[in-house]
Amino acid sequence: MNHPELDIEKITHQLADAKALLIDQSFESKESRATVMLDQQSVGRLSRMDALQGQAMAKAEEDRRQLAIRRIDAALARLDRGTFGECVECGEWIAVKRLEWDPTVLKCIDCAE
C-alpha cells in the first residue's frame, strides 16, 4: 500500500512532469555535449580549452539529469508496486513533508543519517 497520507495522483503527476522537463533539457543540450572539433587554424588554444571545458560541464550536467530520471523511474515503479513512501531500510513510512519535498527519496530521516 502506498503512503496513506499522500495524494498519490499529485505525486505521480509531479514525477511525470519532472521527468518530461529533464528529457526536454537533455534534448536541448545535446549540441553542447557534442565532440569539440580542434581545428588549430581557426581557433586559438584558449578558445579550444574553453570549448572542451564547456563540453565537460555539459556532459556532467547530463549525467546528473540521467541519474535524476532513473530516480524518478524508480519512484514511479514503487508507486505501481504500492510501496511508495516506505523506507527501503526499516520499512516505516517516510515523513510526508520529506516525500513532498523530494518524492524520489528512499529512506526515512533516521535511516538516511
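Scroll up a little and you will see the structure.
In what follows, the accompanying structure is described.

The rules behind these values
Residues numbered from 1 in each chain as written. Predicted model: local features only at pLDDT ≥ 70, side-chain atom pairs only at ≥ 80, totals over all residues. Heavy atoms only, no water. Salt bridge = Lys/Arg side-chain N within 4 Å of Asp/Glu carboxyl O. Helix = DSSP H or I, 4+ residues; strand = E, 2+ residues; numbered from the N terminus. Buried < 20%, exposed > 50% of the residue type's maximum accessible area, 1.4 Å probe, protein only. Core = buried A, V, L, I, M, F, W, Y, C linked by side-chain atoms within 4.5 Å. Contact = heavy atoms within 4.5 Å.

**Re the pattern of salt bridges**
- For the coordinates displayed, the defined rule picks out 6 salt bridges.
- Two residues, Glu 61 and Arg 65, come together in a salt bridge whose shortest N-O distance is 3.9 Å. With Glu 61 and Arg 65 both in helix H2 (residues 45–81) and 4 residues apart, the pair spans about one turn of that helix.
- Residue Glu 61 is classed as partly exposed on the basis of its relative accessible area of 33%.
- Arg 65 sits in the buried class, given a relative accessible area of 6%.
- In this structure, Glu 89 engages Lys 107 in a salt bridge whose closest nitrogen and oxygen atoms are separated by 3.1 Å.

**Examining the environment of Val 96**
- Residue position: Val 96 is located in helix H3 (residues 96–101).
- The sequence separation of Val 96 and Glu 5 amounts to 91 residues, and the corresponding C-alpha distance is 7.0 Å.

**Overview of the side chain of Asp 102**
- For Asp 102, the location among the structural elements is in the loop between H3 and helix H4 (109–112).
- Residue Asp 102 is classed as buried on the basis of its relative accessible area, which comes to 17%.

**A look at the environment of Met 57**
- For Met 57, the location among the structural elements is in helix H2.
- We classify Met 57 as exposed; its relative accessible area is 54%.
- Sequence-wise, Met 57 and Ser 32 are 25 residues apart; in three dimensions their C-alpha atoms are separated by 9.1 Å.

**Considerations on the nonpolar core**
- Membership of the largest hydrophobic core comes to 16 residues, with the highest contact counts inside it found for Leu 15, Phe 84, Ile 94 and Leu 99.
- Elements represented by at least two residues in this core include exactly helix H1 (8–28), H2 and H3.
- In this view, Phe 84 contacts Asn 2, His 3, Leu 6, Ile 8, Ile 11, Ala 75, Arg 78, Leu 79, Trp 93, Leu 99 and Pro 103; residues no more than four positions away in its chain are not counted.

Purely geometric numbers; function is a separate question.
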